[in-house]
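Analysis of the macromolecular model
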Amino acid sequence: MSFSQSGGLRNRLAQLDCSIAMTSYQSGCLYGLGRNSGDGLHLHQSAMPKPMGLAYDGDGALTLAGGAQIIRFANVLSANQRMNDMFDACFVPRQMHFTGRLDAHDVGIDRDGRPIFVNTRFNCLARPCDRHSFQEVWRPPFISNLVDEDRCHLNGMAMRDGAPAYVTAVSRSDTIDGWRDRRDGGGVVIDVSRNAVICEGLSMPHSPRWYNGQLWVLNSGTGELGVVEHPTTGTGMGRFVPKVFCPGFLRGLSFHGGHAFVGLSKPRYKRFEGLPLDQRLRDADSEPWCGLQIIDLATMTCVDWFRIDGAVSELYDVAVLPGIKTPMTLGPHAQEAATLITLGDTKNPDADAAAPQPPLKSGHLRV
């Protein structure tokens, strides 16, 4: 596996004061892309069980839908601490909800701090449950039963004001695996509160996100980032308006500082051949690639990028980490997660340390 990047990527991250987390279920890794202490970038890789959806709550918690679990990571470093003389954020697993293998996709955090996720295997939105595998929260109106059949390939979820607002599905199919025959043109966006489809005719849409008063969606099968314009009457169908083309199967979308961070994957041609993306790439005389593109929303152009070549050809989700320069993450099965012991203020366990701390190497951390 090899990496390349645009010449201005490091400065872009510095100007935006952020780093980036990315998941790849293909490689089984959560990646943290940040800046090193010199003039370059640093990519931290952490093994995770089938990493999929990401949600960063801005208060030092990162939630991951992975394998058979929903995992909450906490950043155990205070602002004046560093791990191994480099990392200014160290995300350590602190809560794990064992859901079973539900093929969970996107994940979000509600206004009460609870995780909610797309349960693709059962065609619904769900929460972890203390007793059972999950608790159903919502189901699309065209799905007749809560059943163990991936019928419509529900995948993406946009949170708004601490609640799930919009979801994407590859089709309206109500039969097992029916979505595979509707990959081109069968995709829909659904308004959760209205329980109604508000946009149709998409090609395998993913990663809906609410940003600056607009609903953004990746029309993955066409390689387009765009917005859903709502109908003025409130009863009709909205329409997808493409804003920019990116050379890949698009999944993973995050926003920060007037920029869109878009994840690109190489299409799995044996399963997803025949999508409009194929012709778009031929028309552009381009090959699909895996990585990240940063889109300036003022000009709708790619201003910086990060590319992955080699064995890894697919990403799933992208999350911007504001205020973090160089992140690292410990996987739930990593030896370091078992040996790193952190201690907080006994009177206020969540408080940061007031006094400067020495660089941290291993084993024992007091904050």
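Scroll up a little and you will see the structure.
Attention in this report is confined to the structure presented alongside it. (Residues numbered from 1 in each chain as written. Predicted model: local features only at pLDDT ≥ 70, side-chain atom pairs only at ≥ 80, totals over all residues. Heavy atoms only, no water.)

A separate point is the overall build of the chain. Along the chain, the regular secondary structure elements total four helices and 28 strands. Taken against the 2.2 N^0.38 rule, which gives 21 Å for 367 residues, the C-alpha radius of gyration of the chain at 20 Å falls within 12% of a compact globule. Over its C-alpha atoms, taken along the principal directions, the chain stretches across nearly 60 × 50 × 40 Å. Here the chain holds 367 residues, and 56% of them are scored as buried. Pairs at least 24 residues apart make up 57% of the contacts formed inside the chain by residues separated by at least 6 positions. When the accessible surface of the chain is summed, it comes to about 15600 Å², and 46% of that surface belongs to carbon and sulfur atoms. Once the 36 positive and 38 negative side-chain charges of the chain are each reduced to a mean point, those two points are 2 Å apart. (Helix = DSSP H or I, 4+ residues; strand = E, 2+ residues; numbered from the N terminus. Rg over C-alpha atoms; globule rule 2.2 N^0.38 Å. Buried < 20%, exposed > 50% of the residue type's maximum accessible area, 1.4 Å probe, protein only. Contact = heavy atoms within 4.5 Å. Areas by Shrake-Rupley, 256 points an atom, 1.4 Å probe, with all protein chains shown as cover. Lys, Arg positive; Asp, Glu negative; His and termini not counted. Charge placed at Lys NZ, Arg CZ, Asp CG, Glu CD.)

Moving on, we come to unusual backbone geometry. Phi is positive for Lys-50, close to 40°, though the residue is something other than glycine. You can see Lys-50 is positioned in the loop between strand S4 (41-47) and strand S5 (51-56). Taking the relative accessible area as the measure of exposure, Lys-50 reaches 38% and is therefore partly exposed. Non-glycine residue Met-204 carries a positive phi angle of around 55°. If you trace the backbone, Met-204 turns up in the loop between strand S16 (196-202) and strand S17 (205-211).

Below, the discussion takes up the state of the cysteines. Going through the model one piece at a time under the given rule, you end up with zero disulfides. Not part of a disulfide, Cys-152 finds its nearest cysteine sulfur in Cys-124, a span of 9.7 Å. For the unlinked cysteine Cys-246, the closest cysteine sulfur is that of Cys-302, found at 6.8 Å. (Disulfide = S-S within 2.5 Å.)

Applying the stated rule across the entire model yields 17 salt bridges. A salt bridge links Asp-112 to Arg-114; the shortest N-O distance between them is 3.7 Å. Accessibility expressed as a relative area gives 39% for Arg-114, which makes it partly exposed. Overlapping salt bridges, with partners in common, bring together Asp-110, Asp-112, Arg-114 and Arg-127 in one network. (Salt bridge = Lys/Arg side-chain N within 4 Å of Asp/Glu carboxyl O.)

If you walk through the whole model with that rule in mind, you get seven aromatic pairs. Relative to Phe-306, the ring of Phe-3 has its centre 5.7 Å away and its plane inclined at 20°; by these criteria the two rings are stacked. A residue pair is termed long-range when its members are at least 10 positions apart, and Phe-3 in strand S1 (residues 2-5) and Phe-306 in strand S24 (residues 301-309) qualify at 303 residues. Look at Phe-306 and you get buried, because its relative accessible area is 3%. Ring-pair connections join several aromatic residues into one group, and the members of that group are Tyr-211, Trp-216 and Phe-255. Its end group placed over the ring of Trp-210, Arg-160 keeps NZ or CZ at 3.9 Å from the ring centre. Of note, Arg-280 hangs over the ring of Phe-245, and the distance from its end group to the ring centre comes to 4.3 Å. (Phe/Tyr/Trp six-rings, centres within 6.5 Å; stacked < 30°, edge-to-face > 60°. Lys NZ or Arg CZ within 6 Å of the ring centre and 35° of its normal.)

Moving on, we get to helix H3 (residues 276-283). Each α-helix winds once per 3.6 residues, and so residues spaced three or four apart point in a common direction. Turning to H3, its buried residues number three or more, namely Leu-277, Asp-278 and Leu-281. The arc that holds the buried residues of H3, viewed along the axis, is 105°, so those residues lie on one side. Exposed residues pointing more than 90 degrees away from the buried face of H3 are listed as Arg-282 and Asp-283. With its phi angle positive at about 50°, Asp-285 sits one or two positions after the end of H3. (Arc of directions from axis to C-beta.)

As a further point, take empty space enclosed by the protein. Across all of its chains, the model carries one cavity of 30 Å³ or more by this definition. Roughly 50 Å³ of volume is contained in the largest cavity. Along its surface, the largest cavity is lined by Ala-21, Leu-30, Tyr-31, Gly-32, His-44, Leu-62, Phe-91, Leu-321, Pro-327, Met-328 and Thr-329. Where the lining of the largest cavity is concerned, the elements lending two or more residues are strand S3 (29-35) and strand S26 (327-329). Grouping the constituent residues of the lining of the largest cavity by class yields eight nonpolar, three polar and no charged. (1 Å grid on protein atoms, 1.4 Å probe; cavity = no way out; pocket = protein on both sides within 12 Å on 5 of 7 lines; lining within 4 Å. Points joined across faces, edges and corners; volume = space filled by probe spheres on them. Nonpolar A, V, L, I, M, F, W, Y, C, P; charged D, E, K, R; others polar.)

What the four strands build is an open sheet, ordered S13-S14-S15-S16; its pairing is antiparallel. Each edge of the sheet is formed by a strand with only one pairing partner; in this case those strands are strand S13 (154-160) and S16. Direction aside, neighbouring strands of the sheet carry axes that sit 20° apart on average. Note: strand S14 (residues 163-169) against strand S15 (residues 187-191), four bridges, orientation antiparallel. When the bridges of S15 are listed, Ala-169 appears paired with Val-188. (Pairing = 2+ DSSP bridges. Axes fitted to C-alpha atoms, helices over the stretch in contact; angles between N-to-C directions.)

Counting buried positions over the six residues of strand S6 (residues 61-66) gives six, a clear majority of the element. Residues Ala-61, Thr-63 and Ala-65 of S6 are buried on one face, and the alternating residues Leu-62, Leu-64 and Gly-66, pointing to the opposite face, are buried as well. Sheet topology note: the S5/S6 ladder contains four bridges and is antiparallel. Within S6, the residue paired with Pro-51 across the bridge is Gly-66. Alignment of S6 against strand S7 (residues 69-75), held across six bridges, turns out to be antiparallel. Each residue of the ladder has a partner; that of Ala-61, found in S7, is Ala-74. Between the antiparallel neighbours S6 and S7 lie two residues, among them Gly-67 with a positive phi of about 60°.

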